[in-house]
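Observations on the three-dimensional arrangement
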Protein chains: 2
Amino acid sequence: MQLLKERIRKDGIVKAGNVLKVDSFLNHQMDIELFNEIGREFKRRFEGKNITKILTIEASGIGIACVVAQYFHVPVVFAKKAQSINIDGEVYSSKIESFTHKRVYDVIVSKRFLSPEDHVLIIDDFLANGCALMGLLEILESAGAKTEGIGIVIEKGFQDGGEKIRKMGIALESLAIVDAMDAETGTVKFRDE
Amino acid sequence: MQLLKERIRKDGIVKAGNVLKVDSFLNHQMDIELFNEIGREFKRRFEGKNITKILTIEASGIGIACVVAQYFHVPVVFAKKAQSINIDGEVYSSKIESFTHKRVYDVIVSKRFLSPEDHVLIIDDFLANGCALMGLLEILESAGAKTEGIGIVIEKGFQDGGEKIRKMGIALESLAIVDAMDAETGTVKFRDE
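Calculation rules
Residues numbered from 1 in each chain as written. Chains lettered and ligands numbered in written order. Predicted model: local features only at pLDDT ≥ 70, side-chain atom pairs only at ≥ 80, totals over all residues. Heavy atoms only, no water. Contact = heavy atoms within 4.5 Å. Buried area = accessible area lost by both parts, 1.4 Å probe. Salt bridge = Lys/Arg side-chain N within 4 Å of Asp/Glu carboxyl O. Polar contact = N/O pair within 3.5 Å; in protein donor to acceptor, adjacent residues only side chain to side chain. Helix = DSSP H or I, 4+ residues; strand = E, 2+ residues; numbered from the N terminus. Nonpolar A, V, L, I, M, F, W, Y, C, P; charged D, E, K, R; others polar. pLDDT = per-residue confidence, 0-100. Phe/Tyr/Trp six-rings, centres within 6.5 Å; stacked < 30°, edge-to-face > 60°. Buried < 20%, exposed > 50% of the residue type's maximum accessible area, 1.4 Å probe, protein only. Bend = angle between axes of the 7 residues up to and from the residue. Least-squares fit on C-alpha atoms with pLDDT ≥ 70 in both.

Taken residue by residue, the interface counts 45 residues in chain B and 45 residues in chain A. Interface area for chain B against chain A, summed over the two sides, is near 3,500 Å², with a carbon-plus-sulfur share of 56%. Connecting chain B to chain A are two salt bridges. The residue A:Arg112 makes a salt bridge to B:Asp23 at a minimum N-O spacing of 2.6 Å. The tally of links between chain B and chain A comes to 15 residue pairs in polar contact (both at pLDDT 80 or more). By residue number, the principal contributor to the side of chain B that touches chain A is helix 3 (residues 60-72) of chain B, which donates seven residues. Split into classes, the residues belonging to the side of chain B that touches chain A amount to 20 nonpolar, 15 polar and ten charged.

On average, chain A scores 94 in pLDDT, and the residues at 70 or more come to 95%. For this predicted complex, the interface score ipTM comes out at 0.95, while the overall pTM is 0.95.

Quick look at the packing of aromatic side chains now. Residue and element names in this part refer to chain B. Enumeration over the complete set of coordinates arrives at two aromatic pairs over all chains. Centroid distance Phe42 to Phe46: 6.3 Å. Interplanar angle 35°. Geometry classified as tilted. Look at Phe42 and you get buried, because its relative accessible area is 0%.

Residues and elements named next belong to chain B. Of all the bends in helix 3, the largest measures some 25° and sits at Cys66. Burial within helix 3 is extensive, with 13 of its 13 residues counted as buried. Phi turns positive one or two residues past the end of helix 3, at His73, with a value near 55°.

Related by rotation about an axis and a shift along that axis, the two copies of the chain form a pair. At an RMSD of 0.0 Å, chain B and chain A line up after a rotation of 180° and a shift of 0.0 Å along the axis. The superposition of one copy onto the other is thereby described by a two-fold rotation axis. Looking at the interface residues of chain B, 100% of them are also at the interface in chain A, so both copies use one shared face.

Okay, structure coming up:
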């Protein structure tokens, strides 16, 4: 997605340790006009799929998922990190390891919101080692729901999450795949360029 | 907002301890069509205000804020709970106490995303004792930004947050104010009915 790649080049900041900061438009301050373009692009890429629900994970996936959902006319469910007293009854759960926060946490989804009738599109902002996605896929499998695809805004192509997921035969669409970053020059190399 | 009140009556679940569960449409599974109606209503209520940014707090405020922002054509910034290694540089911070999670945490916003030029509308799903809002107001004051108003989806009118904020002279608009709940009968009494 050309518009997104240009935005990453313009406003993304490359930091040491393969960190790509896009917090001025994607995951702290959020450019809603860009999110709408992202929604249109996911709709195009998953055209013809029978999608009944979008699943994402808190926190930074939620805004993107909600804007994207407008193009599919379906509700969004977000997986919650850690137990809340406001979630009652039974939940589907999975453990995931966060690269960003360097810890393991539980993610949960109420059993009331996922069922074998659901055809689910997973939406998230980043894909790196794929731990968060594996957790969401485990939750969908527990629910007996069908995974119709995964839509990612930025994939770190030099980490193995994307390869793992594609090998599983899941339709994974990443709008920008970063194959290399250089913190010294501040440059980003995208796949297929 | 009549549509919202009807939805709360239909799908909200009243539990002991003054808990109103609206997780089937507002803060776990999210009805994006309803969020659009909420966006239209906030636009109507804050018509004429010069708003340059929407501020919310993770996690459940984010989806609503992003859909609402489409009616104001402004970016959304969400306050993050606890420190992340991906936030660098200086941040505005405030401590808030969570009724839901029964603990105190820090909320932070990068200084790059709030400035004295900003005219801010705060959006959140719930208002009860007002602790989260007080934290956001403190952050806006630190930034020198102007608070143009606060838009809340559901206010618990029997807790004192709403009264405190209105006494401060801030334009607070709550789309549904619950004045009483009865867990035994499962009923909700709204203000002005």
